[in-house]
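Coordinate analysis (summary)
Okay, here's what each chain looks like letter by letter:
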Amino acid sequence: MDAHADLGEAPVTLPTVGTNLTDLIFRRKKITIRELGGCMGPIWPKYYLDCTSVIFVVDCGNIGQISSSCVQLLSVLSAEPLHAAAVLILFNKRDLPCTVSLVELKSLFRMDDIIRSAPQSITTLEISGRSGQGLQDVLAWLFPNRSET
């Protein structure tokens, strides 16, 4: 299936509530991904000690939550156990017509300042989970940055 094929109407999505644990196998390498919903922010630090990489997803279709996402991101980046973790910030749902431009999003987040001052190596990508836009870039980032087990 073509990753950029028209898939019709976007399905209704719901924010992650709670946690999801998924094993991902790619090119005979396996990693475990723990997804923590935004509402679970108060317990996120309990999972930091085992993290070698962080993928922080921003819902660009929910402009009302942008400032909250920025606060959560700053909290993650300032956590001592994550100072050595590689960080990938994904601006998701970029295919929706109501999203602001990537330049505006990065400005709202003050992304240049964050990247300059954070102790972590930070990468940002535009993606669409619905269309697959950016998926190959995510996989290319994720697997070279994982620790060997």
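All of the points below concern the structure found in this document. No experiment lies behind these values; they were computed from the predicted model shown.

This part is about the overall build of the chain. On a plain count of helices and strands, the chain comes out with four helices and five strands. In the chain, the succession of helices and strands from N to C terminus is β-β-β-α-β-α-α-β-α. The proportion of buried residues among the 149 residues of the chain is 33%. Taking the intrachain contacts of the chain between residues at least 6 apart in sequence as the baseline, contacts between residues at least 24 apart amount to 65%. Total accessible area on the chain stands at roughly 9,500 Å², and carbon and sulfur atoms take up 55% of it.

If you walk across this open sheet you meet the three strands as 3-4-5, and the pairing is parallel. In this open sheet, the two strands that pair with only one neighbour each are strand 3 (53–59) and strand 5 (122–126). The sheet shows a mean angle of 20° between the axes of neighbouring strands, taken without regard to direction. Alignment of strand 3 against strand 4 (residues 86–92), held across seven bridges, turns out to be parallel.

Calculation criteria
Residues numbered from 1 in each chain as written. Predicted model: local features only at pLDDT ≥ 70, side-chain atom pairs only at ≥ 80, totals over all residues. Heavy atoms only, no water. Helix = DSSP H or I, 4+ residues; strand = E, 2+ residues; numbered from the N terminus. Buried < 20%, exposed > 50% of the residue type's maximum accessible area, 1.4 Å probe, protein only. Contact = heavy atoms within 4.5 Å. Areas by Shrake-Rupley, 256 points an atom, 1.4 Å probe, with all protein chains shown as cover. Pairing = 2+ DSSP bridges. Axes fitted to C-alpha atoms, helices over the stretch in contact; angles between N-to-C directions.

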